[in-house]
Amino acid sequence: MFGRIAPRYDLLNHLLSMNIDRYWRARTVSRIGQILVRPGAQVLDVCCGTGDLMLALESQSRSAIRSADGSATIWGSDFCHPMLVAARHKTAKRHFRSELFEADALRLPLADASLDLVTTAFGFRNLSNYHSGLIELRRILKPGGTLAILEFSTPPNPLLAGAYAFYSRAILPAIGGMISGSRDAYTYLPESVRRFPDADGLADQMCNAGFVNVRFERMTAGIVALHLGDALHLGKRG
C-alpha cells in the first residue's frame, strides 16, 4: 500500500496538512537539537518514509556544527522499498550523507546500545505491535539515549475531535484517493489513527516499555503529539 503511494506521498502530506507537517517536523528537530551537536552522535530515523525528518535532522546537525565532517551520523530505515528509493533521490539531490537501509522496525539489524537518538515521524502507529516496537527501539539506544515519536493523536477537545474525525473520514480519503490513485491508503490512515493510543496512552506505553523521563507536547490543538523518552538501561528484544 505504501509502495503504491510513494510517488505522491510528499505532495499529499503537504496538501492534506495544509503544509503544517513542515512545522511539526521543525519543532521536533528543535526539541532534540542538543543531541545532534554531540561529538560522534549516532542517530536513526526509523520508518523514515521518503526521508523528510531524516533530512531535517542532518540539516540541523550540519548547521549547528558548521561542518559536514563534524556533524552527527544519521541513518534512515523503512520496511517499504519504494519509500527508500524516494528518500535516496532526496539525499543525492542535496548531497547529504544520510545512509538508508531496508529493515523491519521490530527487528532492526543494529547492535544493543549503539545509538544516541532514535526518531520516528508518522510511522510508529503502523507497527504491528507497539510494545515490541518500543522494546526494540530501547534496545538499540545507549543508556541516556532518547526516543522521539512524532505521531498523529486525538484532540482532547470533543468538538475539535469531532471535526477532525469528519475531515479524516470524508475529506481526506477523497482527496488522497483522487491524487494518489489509492483511496484505500487514505482510508487506512484515519482508521490507524483511531486505533492508536491517545497522547496519555502512548506515554503510559513508553513507561511500561522501560523508558524514563517520558514527556509529550501536543501540537495543532492535539492533532499531533511529540513524545520523548530516555533509555537508561539496556533492553532485550520483545
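Preceding this paragraph is the structure being described.
Note that the structure is a prediction, hence the values are computed from the model and not measured.

Q: Before we go on, may I ask you to explain the overall build of the protein chain in this structure?
A: Scanning the protein chain for helices and strands turns up 10 helices and seven strands. Considering only intrachain contacts with a sequence separation of at least 6, the fraction spanning at least 24 residues in the protein chain is 74%. Carbon and sulfur atoms provide 57% of the accessible area of the protein chain, an area that totals close to 10,800 Å².

Q: Quick question: what am I supposed to make of the state of the cysteines here?
A: Linking two cysteines covalently via their sulfur atoms produces the bond known as a disulfide. Applying the stated criterion to the full structure yields zero disulfides. The thiol of C80 is not disulfide-bonded; the next cysteine sulfur, from C48, is found 9.9 Å away. Look at C80 and you get buried, because its relative accessible area is 13%.

Q: Which parts of the structure should I look at to understand the side chain of R125?
A: Considering the arrangement of structural elements, one finds R125 in the loop between β4 (115–121) and α7 (130–140). For R125, a relative accessible area of 5% puts it in the buried group. Among the polar contacts listed, one links the side chain of R125 to the backbone oxygen of F122, at a separation of 3.2 Å. The contacts of R125, once residues within four sequence positions are left out, are Y130, E151, F152, L189, S192, V193 and F196.

Q: Can you walk me through helix α10 (residues 199–208) in this structure?
A: The periodicity of an α-helix, 3.6 residues per turn, causes residues three or four places apart in sequence to face the same way. Three or more residues of α10 are buried, namely A199, L202, A203 and M206. Take α10 and look down its axis: the buried residues cluster within an arc of 105 degrees, on one side only. Among the residues trailing α10, G210 stands out with phi positive, at a value near 105 degrees.

Q: In this structure, what is going on with the packing of aromatic side chains? I would like to understand it.
A: Pairs of aromatic rings are described using the distance from one ring centre to the other and the angle between the two planes. For the structure shown, the criterion picks out six aromatic pairs. The interplanar angle of 55 degrees and the centroid separation of 5.8 Å between the aromatic rings of W24 and F122 together place this pair among those described as tilted. Remark: F122 occurs in the loop between β4 and α7 and W24 occurs in helix α3 (residues 20–31); sequence separation between them is 98 residues. Judged by its relative accessible area of 11%, F122 falls in the buried class.

Q: Would you mind showing me how to read the environment of G181 here?
A: Structurally, the position occupied by G181 is in the loop between α8 (158–180) and α9 (183–195). Residues G181 and R4, spaced 177 residues apart in sequence, show a C-alpha to C-alpha distance of 8.4 Å.

Q: Looking at this structure, I do not really get the side chain of D230. What am I missing?
A: As for its placement among the helices and strands, D230 is situated in strand β7 (residues 224–231). Its relative accessible area of 13% is what places D230 among the buried residues. A polar atom in the side chain of D230 sits 3.0 Å from the side chain of T146. Looking at D230, its side chain comes within polar contact range of the side chain of N213, at 3.1 Å. Not counting residues within four places of it along the chain, the set of residues in contact with D230 comprises G145, T146, G210, F211, V212, N213 and R215.

Q: Is there a simple way to explain the nonpolar core in this structure?
A: Note on soluble globular proteins: their nonpolar side chains tend to be buried together. Grouped together as the largest cluster of nonpolar side chains are 33 residues, with contacts concentrated most on W24, V43, L57, F122, L150 and F152. Here this core gets four residues from one element, more than from any other, and that element is helix α5 (residues 52–65). Dropping the residues within four chain positions of it, V43 is found in contact with L36, L57, A72, T73, I74, W75, L115 and L117.

Conventions and cut-offs
Residues numbered from 1 in each chain as written. Predicted model: local features only at pLDDT ≥ 70, side-chain atom pairs only at ≥ 80, totals over all residues. Heavy atoms only, no water. Helix = DSSP H or I, 4+ residues; strand = E, 2+ residues; numbered from the N terminus. Contact = heavy atoms within 4.5 Å. Areas by Shrake-Rupley, 256 points an atom, 1.4 Å probe, with all protein chains shown as cover. Disulfide = S-S within 2.5 Å. Buried < 20%, exposed > 50% of the residue type's maximum accessible area, 1.4 Å probe, protein only. Polar contact = N/O pair within 3.5 Å; in protein donor to acceptor, adjacent residues only side chain to side chain. Arc of directions from axis to C-beta. Phe/Tyr/Trp six-rings, centres within 6.5 Å; stacked < 30°, edge-to-face > 60°. Core = buried A, V, L, I, M, F, W, Y, C linked by side-chain atoms within 4.5 Å.

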